[in-house]
Amino acid sequence: MAACSLYRVQSMNSIFHQKHVVLYTNTANTTKRTSSKGTKRSSLSIITCSAGGDSQTVVIGLAADSGCGKSTFMRRLTSVFGGAAKPPHGGNPDSNTLISDTTTVICLDDYHSLDRTGRKEKGVTALDPRANDFDLMYEQVKALKDGKAVEKPIYNHVSGLLDPPELIKPPKILVIEGLHPMYDSRVRDLLDFSIYLDISNERDMAERGHSLESIKASIEARKPDFDAYIDPQKQYADAVIEVLPTQLIPDDNEGKVLRVRLIMKEGVQLFNPVYLFDEGSTVSWIPCGRKLTCSYPGIKFFYGPDTYYGHEVTVLEMDGQFDRLEELIYVESHLSNLSTKFYGEVTQQMLKHSDFPGSNNGTGFFQTIVGLKIRDLYEQIIANKAASPALAAKA
């Protein structure tokens, strides 16, 4: 039996493809949809009916503040699945959506209920939940997870306005990235896996070309809302990539060398944390020597168990940066549970995107590893779904 959902959309020109029946209301029933935040959008009613099928959309949430490297992580993730991620063909040139053969990446800024002028008039930032439509966010993420296409709004970062919506069809993997993917419990419960990019106040100035003073000024302006609404989400994340100042250089003020921690929650279904040498042990390792070239201040790894917001976690830490990426294979060979398909796949991915920010330190290294783990999780979910009918038949 087909499952149907009612949506209010702005455009009647979109076509819903494949396993969907689409019912349009009479154009005389055009209404004004007023959100709880007071923003009015012209809309028409669309009912989409999913006809079922074997496809399943896996939903990944990526949370971080602006300028924390979400776009770079998305490029690494889509590369793991193959195919370049591009904006929707023939759509709004200012669309925030990226689509590849397997993945669709949605920017949650598109669910701003207030445009730039509206936020200024009401005295709120984009980080404030009052400037976002979580009801619509939940409805549309759930619809996509259930295999139904949606007409998603667009927040135009160039003009600061709310543009007409775009058609988003359910992909194999949906990534929702932005400020609030884990803020609303309803949306959080839809996630199959979640990541938080945690950049400290002393974030990587060298990679972004900003001075320490300008970065601190920007952080301080956003800090109250960040502390209230964004930072608490990391307690819900299955994996956290935390970027900190190096401990290899005493009183370092340049921020060119980073210490990066991959914090992996224990007990997450279909996710086995990566470990160094011996699972469950505590290891401190300096790999520099004949097989790994290290200039000052060198490289140091740490691995061990810990607790994070009351959860048991496994931590893998890298302090320092690589001189020669091709030598990363030496480090990779000592890590287990990487979910690679062949020996050296992590190193291959890093070399493939050596021009990406963070490619010479733990940021790019751990982003690549998390991408491989997400691929493995997706394949396990699909395999388990395929096996379910067979097991039911035997029973």
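Here, every reference points to the structure presented above.
Residues numbered from 1 in each chain as written. Predicted model: local features only at pLDDT ≥ 70, side-chain atom pairs only at ≥ 80, totals over all residues. Heavy atoms only, no water.

(A) Looking closely at the overall build of the chain. Of the regular secondary structure elements, the chain holds 9 helices and 18 strands. Looking at the chain residue by residue over its 395 residues, the buried ones come to 52%. In the chain, once contacts between residues fewer than 6 apart in sequence are set aside, the share between residues at least 24 apart is 69%. (Helix = DSSP H or I, 4+ residues; strand = E, 2+ residues; numbered from the N terminus. Buried < 20%, exposed > 50% of the residue type's maximum accessible area, 1.4 Å probe, protein only. Contact = heavy atoms within 4.5 Å.)

(B) Representation of the pattern of salt bridges in the model. This structure, assessed with the given rule, holds 18 salt bridges. One salt bridge in this structure joins K145 and D192, with 2.8 Å as the shortest N-O distance. Taken together, the residues span a long stretch of sequence, with K145 in helix α3 (residues 134-145) and D192 in the loop between α4 (185-188) and β11 (193-199) at a distance of 47 residues. Of the charged contacts in the structure, one is a salt bridge between R186 and D184, with a shortest N-O distance of 3.0 Å. Overall, R186 belongs to the partly exposed group, its relative accessible area being 31%. Classification of D184 as buried rests on a relative accessible area of 13%. Here the salt bridges do not stand alone but share partners, grouping E242, R259, R261 and E317 into one network. (Salt bridge = Lys/Arg side-chain N within 4 Å of Asp/Glu carboxyl O.)

(C) Representation of the pairing of strand β10 (residues 173-178). Of all the 6 residues making up β10, 6 are buried; the element is thus mostly covered by neighbouring parts of the structure. Here β10 shows two buried faces, one formed by I173, V175 and E177 and the other by L174, I176 and G178.

(D) Just the state of the cysteines, in detail. Evaluated as defined, the whole model comprises 1 disulfide. Here C288 is linked by a disulfide to C294, with a sulfur-sulfur distance of 2.1 Å. Judged by the sign of its S-S torsion, about -85 degrees, the cystine formed by C288 and C294 is left-handed. The class of C288 is partly exposed, set by a relative accessible area of 30%. (Disulfide = S-S within 2.5 Å.)

(E) A look at the sheet that holds strand β17 (residues 311-320). Taking strand neighbours across the sheet as the criterion, the 10 strands line up as β6-β7-β10-β5-β11-β12-β13-β17-β16-β15 in an open arrangement whose pairing is mixed. Edge positions in the sheet fall to β6 (98-99) and β15 (283-285), since each has one partner strand and no second. Pairing of strand β12 (residues 239-245) with strand β13 (residues 258-265) involves 7 bridges; the strand directions are antiparallel. Across the sheet, the residue bridging to E242 is R261, located in β13. Those strands touched by helix α1 (residues 70-81) are β5 (58-63), β7 (103-107), β10 and β11, and its axis lies near 170 degrees from that of β10. Lying over the sheet, α3 contacts β5, β7 and β10, oriented at roughly 160 degrees with respect to β10. (Pairing = 2+ DSSP bridges. Axes fitted to C-alpha atoms, helices over the stretch in contact; angles between N-to-C directions.)

(F) Just α1, in detail. For α1, which comprises 12 residues, the first-to-last C-alpha distance of 17 Å matches the rise-based estimate of 16 Å (1.5 Å per residue) to within 8%. If you check which residues of α1 are buried, you get K70, T72, F73, M74, R76, L77, T78, S79, V80 and F81. G82 lies just past α1 and shows a positive phi near 90 degrees. (Expected span 1.5 Å × (residues − 1).)

(G) Representation of the environment of P232 within the structure. Its place among the elements puts P232 in the loop between α6 (212-230) and β12. Between the C-alpha atoms of P232 and Y309, which are 77 residues apart in sequence, the distance is 9.8 Å. Aside from chain neighbours lying at most four places away, what touches P232 is F226 and D227.

(H) Representation of the side chain of D184 in the model. Summarising the element assignment, D184 is placed in the loop between β10 and α4. Looking at D184, its side chain comes within polar contact range of the main-chain nitrogen of R186, at 2.8 Å. (Polar contact = N/O pair within 3.5 Å; in protein donor to acceptor, adjacent residues only side chain to side chain.)

(I) Region of the structure containing a negative patch on the surface. A cluster of like negative charges, contributed by E266, D278, E279, D306 and E312, occupies part of the molecular surface. Accessibility expressed as a relative area gives 38% for E266, which makes it partly exposed. (Patch = residues over 30% accessible without salt bridge, like charges linked within 9 Å, V, L, I, M, F, W, Y side chains within 5 Å. Areas by Shrake-Rupley, 256 points an atom, 1.4 Å probe, with all protein chains shown as cover. Lys, Arg positive; Asp, Glu negative; His and termini not counted. Charge placed at Lys NZ, Arg CZ, Asp CG, Glu CD.)

(J) Just the packing of aromatic side chains, in detail. Inspection of the entire model under this criterion finds 11 aromatic pairs. With 5.0 Å between their ring centres and 80 degrees between their planes, F277 and W285 make a pair best called edge-to-face. Centre to centre, the rings of W285 and Y330 are 5.8 Å apart; their planes meet at 55 degrees, and the pair counts as tilted. Taken together, the positions of W285 in strand β15 and Y330 in helix α7 (residues 328-332) put the pair 45 residues apart, joining distant regions of the chain. Of the two residues, W285 and Y330, neither departs from the other in class, the shared state being buried. Joined through ring pairs, the aromatic side chains of F277, W285, F301, F322, Y330, F365 and F366 make up one cluster. Positioned above the aromatic ring of F356, the side-chain terminus of R75 is 4.0 Å from the ring centre. Taking the ring centre of Y236 as reference, the NZ or CZ of R188 above it sits at 3.7 Å. (Phe/Tyr/Trp six-rings, centres within 6.5 Å; stacked < 30°, edge-to-face > 60°. Lys NZ or Arg CZ within 6 Å of the ring centre and 35° of its normal.)

Shape is all these values report; function is a separate question.
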